[in-house]
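Here are the chains, one letter per residue:
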Amino acid sequence: MDMQASVDFQRQGDKQNSAFFEEWLGRLLEDRDRQGLSENIGRIDSLMITVEPGHSAAYVGELCLMTPYDYLVTLETEQHSTHILRIDMNAPDVLVREVKDPNLHGIFRSLNEVYPIGARRPNSRYMGEIFQVKNLHEVVEAQKGREIRFFNQEQVRHLELPGNMAIVKPSPYTHNIVGYWERPDDHIRVYSLGLSFIREDMQVAFERAKELRERLGLDKLLLPIDHLATRVYSQNREAAILEYLTLSSYYYWGSYDIPDQNSSTNVTKSMHFTSELHSPAKVFTAANHPYFCNHLIGRPSPTEAFVRNFGPRLHHLAVAVRDGHTGGQANIDHVVNVLQNCGQKFLLEVAGSEREGLKQIFSSASEHSSLIVEYVQRFGGFQGFFTKDNVADLTAAAGADETLRSLDAAARAS
């Protein structure tokens, strides 16, 4: 059966895009289909996150409590330890990468250091996604023909990234990387990187978190990652979306305007999977106006403020919560209550309702990765990623938290 054309998916949303975006969206997707890239590039197989030296065990424990991930193994190289977290082969792995020397400077650290809050944790950031492909050589050659720039093999070796991947240099719009590797569906994921062993501190952190996760019943309620949300500068919104569609096999699901928060939320989804749990959606949030217009329009600009303070980067990863109820509560309310009783902080009350079809909440940002975990429960097959009221509340809450962190950073610097 022929694959559906990338431009034929139903469009959602109310955001008005520019004529440039609409023209080049069609041209780029049609070219991608014609070159076979839409079929050749598959799911997101891995996510890469870096943390500060000495923080990986705590972050692994945090993720193994707050998500369904389990610690699998550590890959040891001269300058880095990379810890592999896995649910199963139907959901992407998470690679938690820790630099050993806090004074080591490199390209990924430099993406943090020019931003006032990002510089406080120079090694903490989300790096990007690795896509499974059918034929790596064909993908790389086709992308090079589209002027996509890759790290060469010597650079990959020097950066201590997996040698069985082709990795695109960081995006000027999102500061994320995209990688490709060739993996048949019936082959397990094996990363060509360093020496493999079970590290005792990681195993202890994982076992404690897993035991608590199971004792609290969270293992029955938490599902894989639903979506990944990146924040970019207002002027880069359309370019960031088009670039990601060029690099992936995702399609443009649509954009919604959130005027109360002076922003828009823009969603791309995998062509190959109807469920985001097999390959997370990629969301881009951007302000509607650049920061220097705010004094004239009199509206908040939390998204633009975040990017100015942290740099373009992933803001949160969203974990799906199984539909249903526990103890007379919606499952998401139960999950939040249980985690709050364990000391986890959240930025607001659960937003939304069963009647609207969706409930969501943001955790406070991790001190280890600076990432927020969102929980999202859809009721009765609800297909969207937010309601307008929900996303306005979430954006406002995150903005208030980020303002406090920026004030704290300023106080520390003075």
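Residues numbered from 1 in each chain as written. Predicted model: local features only at pLDDT ≥ 70, side-chain atom pairs only at ≥ 80, totals over all residues. Heavy atoms only, no water.

Visitor: Go over the nonpolar core, please, and point to the residues and values.
Guide: By size, the foremost hydrophobic cluster in this structure holds 77 residues, and its most contacted members are L85, Y180 and Y375. Membership of the second largest hydrophobic core comes to 19 residues, among which are I84, L95, M127 and F151. (Core = buried A, V, L, I, M, F, W, Y, C linked by side-chain atoms within 4.5 Å. Buried < 20%, exposed > 50% of the residue type's maximum accessible area, 1.4 Å probe, protein only.)

Visitor: Mind laying out the packing of helix α3 (residues 56-66) against helix α7 (residues 200-215), listing which residues take part and the relevant values?
Guide: Packing of α3 against α7 leaves a shortest axis separation of 8 Å and a crossing angle of 25 degrees. In terms of their interaxial angle, α3 and α7 are classed as roughly parallel. Two packed elements cross with a definite hand, and for α3 against α7 that hand is right-handed. Contacts between α3 and α7 pair S56, A57, V60, G61, C64 and L65 from the former with D201, M202, A205, F206, A209, L212 and R213 from the latter. Tallied by class, the residues present in the contact of α3 with α7 amount to nine nonpolar, two polar and two charged. (Axes fitted to C-alpha atoms, helices over the stretch in contact; angles between N-to-C directions. Helix = DSSP H or I, 4+ residues; strand = E, 2+ residues; numbered from the N terminus. Parallel < 35°, antiparallel > 145°, perpendicular 65-115°, else oblique. Left-handed = near helix turned anticlockwise from the far one by under 90°. Contact = heavy atoms within 4.5 Å. Nonpolar A, V, L, I, M, F, W, Y, C, P; charged D, E, K, R; others polar.)

Visitor: Can you break down the layout of surface pockets residue by residue, with the values?
Guide: Approximately 510 Å³ is the volume found for the largest pocket. Lining the largest pocket are 26 residues, with I148, Y173, A239, E243 and T246 sitting closest to its centre. When residues of the lining of the largest pocket are traced back to their parent elements, those giving at least two are α1 (19-34), β8 (177-182), α8 (237-247) and β13 (281-287). In terms of residues, the lining of the largest pocket owes the most to one element, α8, which gives six residues. Residue composition of the lining of the largest pocket, grouped by class: 15 nonpolar, four polar and seven charged. (1 Å grid on protein atoms, 1.4 Å probe; cavity = no way out; pocket = protein on both sides within 12 Å on 5 of 7 lines; lining within 4 Å. Points joined across faces, edges and corners; volume = space filled by probe spheres on them.)

Visitor: So what about the pairing of strand β6 (residues 125-133)? Which residues, and what values?
Guide: Burial analysis of β6 places nine of its nine residues in the buried class, the great majority of the element. As paired elements, strand β2 (residues 41-51) and β6 share seven bridges and run antiparallel to each other. Within β6, the position partnered with T50 by the bridge is R125. Judged from the six bridges that link them, β6 and β8 form a sheet pairing that is parallel. Its bridge partner lying in β8, F131 is registered against Y180. (Pairing = 2+ DSSP bridges.)

Visitor: Give me the packing of aromatic side chains: which residues, what numbers.
Guide: Within this structure, the stated rule accounts for 14 aromatic pairs. Their ring planes at 20 degrees and their centres at 4.8 Å tell us that W181 and Y191 sit as a pair that is stacked. Taken together, the positions of W181 in strand β8 and Y191 in the loop between β8 and β9 (195-197) put the pair ten residues apart, joining distant regions of the chain. In this structure, W181 and Y191 share a single accessibility class: buried. Among the aromatic residues, those joined into a cluster by ring pairs are F131, Y244, Y250 and F284. Cation over ring: R27 sits above W24, and NZ or CZ is 4.2 Å from the ring centre. (Phe/Tyr/Trp six-rings, centres within 6.5 Å; stacked < 30°, edge-to-face > 60°. Lys NZ or Arg CZ within 6 Å of the ring centre and 35° of its normal.)

Visitor: Before we move on, can you summarise the sheet that holds strand β7 (residues 166-167) with the specific residues and values?
Guide: Strands in a sheet are paired, the pairing made by backbone hydrogen bonds, and the direction either parallel or antiparallel. Taken together, eight strands build an open sheet; the order of strands is β7-β8-β6-β2-β5-β4-β3-β9 and the sheet is mixed. Of all strands in the sheet, those with a lone pairing partner are β7 and β9, marking the two edges. Note that strand β4 (residues 80-86) and strand β5 (residues 93-99) share six bridges and pair antiparallel. Within β5, the residue paired with L85 across the bridge is V94. Packing against the sheet, helix α5 (residues 136-145) makes contact with β2, β6, β7 and β8, and its axis sits at approximately 145 degrees to β8. Across the face of the sheet, α8 comes into contact with β2, β6 and β8 while running at roughly 10 degrees to β8.

Visitor: Can you break down the domain arrangement of the protein residue by residue, with the values?
Guide: Domain boundaries assigned for the protein yield domain 1 (39-213) and domain 2 (216-413). A C-alpha centroid distance of 21 Å is found between domain 1 and domain 2. Each partner contributes residues to the interface: domain 1 has 48 residues there, and domain 2 has 58 residues. Surface buried jointly by domain 1 and domain 2 totals about 4300 Å² across both partners, of which 62% is contributed by carbon and sulfur atoms. Looking at the side of domain 1 facing domain 2, the largest losses of area belong to M66, I117 and Y173, adding up to 18% of the total buried there. If you look at where domain 1 meets domain 2, you find one salt bridge. (Domains from an automatic or database assignment. Buried area = accessible area lost by both parts, 1.4 Å probe. Salt bridge = Lys/Arg side-chain N within 4 Å of Asp/Glu carboxyl O.)

Visitor: Describe the environment of S124, with residues and values.
Guide: Structurally, S124 is set in the loop between α4 (107-113) and β6. Take S124: its relative accessible area is 1%, and that puts it in the buried class. Note: C-alpha distance between S124 and Y233 (109 residues apart in sequence) is 20 Å. Discounting residues that sit within four places of it in the chain, S124 has contacts with T50, V51, E52, N112, R313, H368, S369 and S370.

Visitor: Let's hear about the sheet that holds strand β14 (residues 313-321): which residues, and what values?
Guide: Across the sheet, which stays open at both edges, the nine strands sit in the order β1-β11-β12-β13-β10-β14-β19-β18-β17 with mixed pairing between neighbours. Two strands close off the open sheet at either side, each with one partner strand: β1 (12-13) and β17 (351-353). Direction of pairing for strand β10 (residues 222-232) relative to β14: antiparallel, over a ladder of seven bridges. Counted as the bridge partner of I225 is V319 from β14. Each of β10, β14, β18 (358-362) and β19 (372-378) touches helix α11 (residues 331-341); the most contacted strand, β19, lies at about 150 degrees to it.

Visitor: Tell me what's going on with unusual backbone geometry, and back it up with residues and numbers.
Guide: Excluding glycine, residues mostly carry a negative phi; peptide bonds, for their part, are mostly trans. The residue H175 is not glycine, and still its phi comes out positive at about 65 degrees. Considering the arrangement of structural elements, one finds H175 in the loop between β7 and β8. On the basis of relative accessibility, which here comes to 13%, the residue H175 falls in the buried class. Phi angles above zero are rare outside glycine, and S370 is one such case at about 70 degrees. With respect to the secondary-structure elements, S370 resides in the loop between β18 and β19. Overall, the relative accessible area of 12% leaves S370 in the buried class.

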